[in-house]
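These are the residues of each chain, in order.
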Amino acid sequence: MQNYINRDKIYVENIGEHDGKTVTLYGWLYNKRVKGKLAFLLLRDGTGIIQCVMGKNDVSEEVFERADKVTQESSIMITGTVHADQRAPGGYEMHVQDFEIISLAQEYPITPKEHGTTFLMDHRHLWHRSKKQNAILRIRHTIIKAIRDFFDKDGFTLIDAPVFTPAACEGTTTLFETDYFDTKAYLTQSGQLYMEAAAMAFGKVYCFGPTFRAEKSKTRRHLTEFWMVEPEVAFMDLDGDMDLAEAFVAYIVQRVLESNQEQLKVIERDVSKLEAVVPPFPRIHYDEAAKILADNGSEFVFGDDFGAADETIISNQFDKPVMVHRYPAAVKAFYMKNDPENPERALCVDMLAPEGYGEIIGGGQREDDLETLLRKIREHDLPESSFQWYLDLRRYGSVPHAGFGLGIERTVAWICGLHHVRETIPFARLMHRLYP
Ligand code: 4AD
Ligand code: MG
């Protein structure tokens, strides 16, 4: 066997650079067909799949017999000549000169037949190998890279927020509590409060990491562990926040369209829907959104937050993401600034993705007045002592500031057109899922 531990290995995605040459590929057997004197081996290497054609007369008898023996997902090594072939899926196929089985796989549990979701989620560690899951997680990779690039190019500094926290940020009902020596700690629900501190030190910042919520709801939009990116900017108001969110989401979608045409094809995404996602995005007042619901026969009660079904109705009215602003302050978090023109309302914004996907962004302008913030912390029954550091930000040079949080998994679900967020993260954590 050839030495395959080198960085210069040839991968299927770059096979076009080797047209006419003899190369060795390493991977797994995706599928096979043996027809008389020909064996068709589909090699999968994580970057793509290529058909390798082996003629009985071109290899030794021993090598040809391996085609009979090799099982789905066995690890394999194939040497052969690359040929451009328009009929082949990736535009190339390989004519085999040598074929070795590195490790013969046992009977593989995931077959081309239909499997139930529970079965597939139980085999998530293997399910990643299938075409569709591979495509989704590659698109997730592009989205994350685009997020980082967007902020890095715009002068933001990445500031990592802690995972263990002393108090709630997004309400006490979804806190994961854990022992922390002789006290209690909570897994972070959001890095926002720390980003507010960082914005006062660095001007424009963002954090990007896992966040945790003990969501007892079993919906297709909720995970207990999800990834969130949270920018925060000093000297920015709600309008500035919406401008930022709009440019940001348009950029992410554009990058996926540039980088992932192949993957979008695999998952059969209607790309015309994504191509429509260009600024400006509609911006509507909460009252206007409430009117849309009333006109569409929703049982929504004015003054409440929108439920998932309501968000679906609202977002279905637009072919771009819609930003809904100025929700009633009573249904929003303690840190939001009230609208000076209508103190019952918060200077907040939610961005709802089109095609019924609902909220992907929540954010807004923060309360910057010390006394008002202190009053809100008390009204929300939050432990004042845990928030002294946060109040310091209003004691020492308070400024208008704003930011938002974008949930990665909901964004991936929307961009990929998936029904459920469980397929958007490598290993989903849900109320009833902690395995594998
Ligand atoms: O609207 P949320 O709760 O906002 C915050 O956490 C703010 N502190 C963010 C900020 O202003 N820095 O959450 C933000 C986003 C949601 O819009 C949604 O995309 C995602 O996080 N999200 C979830 N995604 C998956 N599963 C869950 N349980 C989620 N909860 C929120
Ligand atoms: Mg929200």
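Not measured: the values here are computed from a predicted model.

Conventions used here
Residues numbered from 1 in each chain as written. Chains lettered and ligands numbered in written order. Predicted model: local features only at pLDDT ≥ 70, side-chain atom pairs only at ≥ 80, totals over all residues. Heavy atoms only, no water. Core = buried A, V, L, I, M, F, W, Y, C linked by side-chain atoms within 4.5 Å. Buried < 20%, exposed > 50% of the residue type's maximum accessible area, 1.4 Å probe, protein only. Helix = DSSP H or I, 4+ residues; strand = E, 2+ residues; numbered from the N terminus. Contact = heavy atoms within 4.5 Å. Pairing = 2+ DSSP bridges. Axes fitted to C-alpha atoms, helices over the stretch in contact; angles between N-to-C directions. Polar contact = N/O pair within 3.5 Å; in protein donor to acceptor, adjacent residues only side chain to side chain.

(A) Representation of the nonpolar core in the model. Counting 60 residues, the largest nonpolar core has Ile147, Val229, Phe248, Val249, Leu406, Trp414 and Ile415 as the members making the most contacts within it. Top element by residues in this core is helix α6 (residues 238–259). It accounts for 11 residues. When sequence neighbours within four positions are dropped, the list of residues in contact with isoleucine 147 reads Val229, Phe248, Ile252, Leu406 and Ile408. Membership of the second largest hydrophobic core comes to 34 residues, among which are Ala290, Phe300, Ile314 and Met336.

(B) Quick peek at the sheet that holds strand β12 (residues 283–285). If you walk across this open sheet you meet the 8 strands as β6-β10-β11-β18-β17-β16-β13-β12, and the pairing is mixed. Each having just a single partner strand, β6 (157–158) and β12 make up the two edges of the open sheet. Note: strand β10 (residues 204–212) against strand β11 (residues 225–234), 9 bridges, orientation antiparallel. Bridge pairing links glycine 209 to methionine 228 in β11. In the packing of helix α4 (residues 131–153) onto the sheet, contacts are made with β6, β10, β11 and β18 (401–407), and the angle to β10 comes to roughly 150°. Against the sheet, helix α9 (residues 286–295) makes contact with β12 and β13 (322–325), and its axis sits at roughly 85° relative to β12, the strand it touches most.

(C) Summary view of the environment of aspartate 45. On the secondary structure map, aspartate 45 appears in the loop between β2 (38–44) and β3 (49–55). Each C-alpha atom, one on aspartate 45 and one on glutamate 13, is 9.0 Å from the other, the two residues being 32 residues apart in sequence. The contact partners of aspartate 45, leaving out residues within four places of it in the chain, are Ile10, Tyr11, Val12, Tyr26, Gly27 and Trp28. Within polar-contact distance, the side chain of aspartate 45 engages the backbone nitrogen of valine 12 at 2.8 Å. Of note is the side chain of aspartate 45, whose polar atom sits 2.8 Å from the side chain of threonine 47.

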